[in-house]
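Per-entry structural report
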Amino acid sequence: MVEATMDRRIDKAHNVGPKLRDHLKKARARGDFAKSWFVTYHPPTADQRRVLHNDYDRNIEVISYDQFRSKIVDAREYLRLRDRASWGSASNPTTNSAVDLIKYVPLGITVTTGASRAKPSMHPRRASKAVPVKTESSIAEIVSAIESGENLALLGDYGAGKSMTLREIHSRLKSKYLSNESHRFPITLSLRRHYGQVDPEEAISRHASHLGFPSPHKLVNAWRSGYAYILLDGFDELAAPGWSGSTEAIRENRRAATVLIKEFSREAPSEVGVIVAGRRFYFDSLDEMGRSLFDSAPHLIASLSDFTDEQARRFLSQFKDSGNGLLPDWLPVRPLLLGHLAAEGVIRNVAGSEGLAPAPGWDWLLSTISERESFIKQGVDGVAVREVIEQLAGFARQTPQGVGPVTMSDIVDAFTVVRHQPPSDKELTLLQRLPGLGGEEDDSEKGTRRFVDIDLASAAQAAHVTRYIVDPHGEYAGFDPKKWNSSMEPLGVEVAAYQLAALEVPEGQVRKALDRAVRTDCGELAADIVRIAIVLDIDLQPNSMLNYVVSNAIIPSLDISEGGPDLSGVEFIHCLFSELVVSGDPAGAGLPRFYSCDFGETLGRLGESDMPADNFQSCDFAEFPDAADRNAAIMDSAILPIGTRVVMTLLRKLYMQRGSGRKDSAITRGMSATDMALVAPAMQLLQRENLVFATRQGKNKIWLPDRSAGPRVRAFLDAPRVGDDPLVEGSKEIGSRK
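Quick notes on the rules
- All residue numbers refer to positions counted from 1 along the written sequence of the respective chain.
- With pLDDT at 70 or above as the cut-off, local features in this predicted model cover only qualifying residues; side-chain atom pairs require 80 or more to be listed or tallied, and sums for whole chains, interfaces and linings still use all residues.
- Side-chain numbers come from the whole structure's heavy atoms, not from hydrogens or water.
- A pair of strands counts as paired when DSSP detects no fewer than two bridges linking them.
- The way it works is that DSSP assigns letters per residue, a run of H or I at least four long becomes a helix, a run of E at least two long becomes a strand, and they are numbered from the N terminus.
- Only protein chains enter the accessibility calculation, which uses a 1.4 Å probe; a residue whose area is less than 20% of its type maximum is buried, one above 50% is exposed, and one in between is partly exposed.
- Note on definitions: salt bridges are taken to be side-chain nitrogens of Lys or Arg within 4 Å of carboxyl oxygens of Asp or Glu.
- In this analysis, rings of Phe, Tyr and Trp, with Trp reduced to its six-membered ring, are considered paired at centre separations within 6.5 Å, and the interplanar angle assigns stacked below 30 degrees, edge-to-face beyond 60, and tilted for intermediate values.
- We call a charge positioned over a ring when the NZ of a Lys or the CZ of an Arg lies within 6 Å of the ring centre and within 35 degrees of the ring normal.
- Contacts are assigned to residue pairs with any non-hydrogen atoms lying within 4.5 Å of each other.
- Axes here mean lines fitted to C-alpha atoms, for a helix over just the part in contact, with angles spanning 0 to 180 degrees between N-to-C directions.
- To estimate how far a helix should extend, the number of its residues minus one is multiplied by 1.5 Å.
- Directions drawn from the helix axis to the C-beta atoms are what define this arc.

Take the pairing of strand S15 (residues 570–573) next. Where strand S13 (residues 548–551) meets S15, 4 bridges bridge the pair, whose relative direction is parallel. Pairing of Ser-551 across the sheet is with Ile-573, part of S15. As paired strands, S15 and strand S17 (residues 593–595) are joined by 3 bridges and run parallel to one another. Bridge pairing links Ile-573 to Tyr-595 in S17.

As a further point, take the pairing of strand S16 (residues 576–583). With 6 of 8 residues buried, S16 lies mostly within the body of the structure. The sheet contact formed by strand S14 (residues 554–561) and S16 spans 7 bridges and is parallel. Note that in S16 the partner of Ile-554 across the bridge is Leu-576. Strand direction decides the pairing type here: S16 and strand S18 (residues 598–603), joined by 5 bridges, are parallel. Bridge pairing links Leu-580 to Thr-602 in S18.

Inspection of every chain in the model, using the stated rule, returns 39 salt bridges. Note that Asp-236 and Arg-279 form a salt bridge whose closest N and O atoms lie 3.7 Å from each other. Note that Asp-236 is positioned in the loop between strand S8 (228–233) and helix H10 (247–257) and Arg-279 in strand S9 (residues 274–279), a separation of 43 residues in sequence. In this structure, Asp-236 and Arg-279 share a single accessibility class: buried. Among the charged side chains, a network of salt bridges with common partners joins Glu-248, Arg-251, Arg-254, Asp-284, Glu-288 and Arg-449.

Using the criterion set out here, one finds 22 aromatic pairs in the structure. Centroid distance Phe-594 to Phe-599: 5.6 Å. Interplanar angle 70°. Geometry classified as edge-to-face. Accessibility classification places Phe-594 together with Phe-599 in one group, the buried group. Members of the aromatic cluster, connected to one another through ring pairs, are Phe-572, Phe-577, Phe-594, Phe-599, Phe-616, Phe-621 and Phe-624. The ring centre of Trp-484 lies 3.7 Å from the NZ or CZ of Arg-397, which sits over that ring.

Spatially, the 4 strands line up as an open sheet ordered S13-S15-S17-S19, and their pairing is parallel. The sheet is open, and its two edges are formed by S13 and strand S19 (616–617), each paired on a single side. Strands in contact with helix H23 (residues 523–535) are S13 and S15; relative to S13, the strand with the most contacts, it is inclined by about 125°.

This part covers helix H11 (residues 259–267). Of all the 9 residues making up H11, 7 are buried; the element is thus mostly covered by neighbouring parts of the structure. Looking only at H11, the buried set comprises Val-259, Leu-260, Ile-261, Lys-262, Glu-263, Phe-264 and Ser-265.

Another aspect to go through is helix H22 (residues 507–519). Compared with an ideal rise of 1.5 Å per residue, which puts 13 residues at 18 Å, H22 spans 19 Å between its outermost C-alpha atoms and is within 8% of the ideal. The set of residues buried in H22 consists of Gln-509, Val-510, Ala-513, Leu-514 and Ala-517. Looking down the long axis of H22, one finds its buried residues gathered within 140° of arc, a one-sided arrangement. Counted as exposed and oriented over 90 degrees from the buried face of H22: Lys-512 and Arg-519. At its buried positions, H22 is contacted by helix H20 (454–470), H23 and S13. Within two residues after H22, Asp-521 carries a phi angle of roughly 60°, on the positive side.

Set out below in structure tokens:
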């Protein structure tokens, strides 16, 4: 018999004492075993305990509600032990602790409804819910959905904060239980520990044993009885034995690997939900995901977004010496990457810090990302993971956009090239969740992937070019530059230059590599090396009276500048340039020659007549963003103070034009002598307002914008004479100072 009460008065004990005593007496008279409980919401008072034991029966058990609940399962003890274990792939970037994590900063969450089969649901309550097709959501709303019995998939790319978000959901559900707002508590499993399991009871029991929880069966019973929610972290870390290279076979492998999750969703009591987290592009499509994880039953899909600039600042405030609040334009804003950059002090002292240049930053990030992936303990270390990513990025250069699509066979081939053997079943899991890979609509049926993070792909593509320059006569499996569709993006060029400088490769070696690339008719590779030489300030004069001829190459960007290297030995023939940047007034004698080439944007020149005719023959130019008529409305406007006009022109160059920065020598291009004299104080104003900061690329000073300041800059350009922005008055004062 159980008597439960919220009454703390002694009278309550007198009222129920006779009933509890008589229940025990009657049972004993029949020879039956019996128990009587007096259960109080708060801990029972000493007077209540004394009255029941002294006046009625010492066998009456006087306990609190929490103590009574623990008779079914000691949830408090489970939650205490769970807090001492790791949370998926989450770790503290400062201490590397998997338990003592940093504070959670909420991310943007978009919720959509998952596809389901048109059949009666096993859980009518779930099937009847009317959920918006797509809506912005919050952690609190996700918790409410789980409490309502919804199944939910929490999706995000690598480093997006999935494990931290799941931990936050766990913490909120735990708090509700411990404060008696709910009688249910969360059970959170890291799926990487459950390879090959298909039975939920077995998985919960193994989880309990791993934590040191003394009664695994009670944890199972609590879930079966509807007293616990199930949270599963890392569906993309599961693997199943046996696979072949075909698309259908790999899909079948994923289906077999995730049977455990499907069984959890099938067997869960209808009143409690199941939430499972993993990478979006582990599956070819959301439909495949819904079939594999939820047996096509109704479910929700919650997708995590990258940090906004404000969220990034809040996140960085947890780290010592995390800088002055500036966020370089190249900086990725995912919790994982931002956290590691802050922990390593890379963000410290942004202004003038060479450590924040994109090339060393991304080279370091690529190693950090790869090392993190090796923590899955699939037998592949971080160096090997990086080499696989780099090899696959090399394969992606054979596609029109340079980022894919690549097939699963390509991914397996990249692994085989690096490891000299095909992947095992567990290693296949690693390959299906390589960081930076995603898909588009066209990829879902074909099972293909592509690099969704162009910067990651560009940084990875540098490795093959660096290796070639170091040894241009080497034989490299998987290296076929004649199949490349384009020269590297500027970031890839800068990363390769950074790597070569770190290796202290002599200038002559770079020239030898360029000579061989030209002689073997590898146009894109030759273009890469020319651009790397420019970054490293290596002269490329005629080689034995012969020029370095780059032909029929597609080149995203070429930067030539006053004071740069002598490029008189380089010729470009029938090449297509997306962008040409001319900084300062370089002498025509030291420039390359261009024959029958096409240019998209030409920055730093006012028009075709401003180009040295001897260097550009039979070439077509599409656009000159710095043309005189483009700046006329600003620089010739009588209604704007001269200082305001200069500031606006500088902001347009830094924020409104392609690229993430501008060389110092290119900042003044197109300005009159009077305007140029005001550039220095104008840049000082922009630095004080945290709108620009300087870094270096080789010997060149580069001005970079603050990515978070875009809305402010656009607002100023739209209304430069009104408002309370300090730029309004500050820019006026520049031209009026005596």
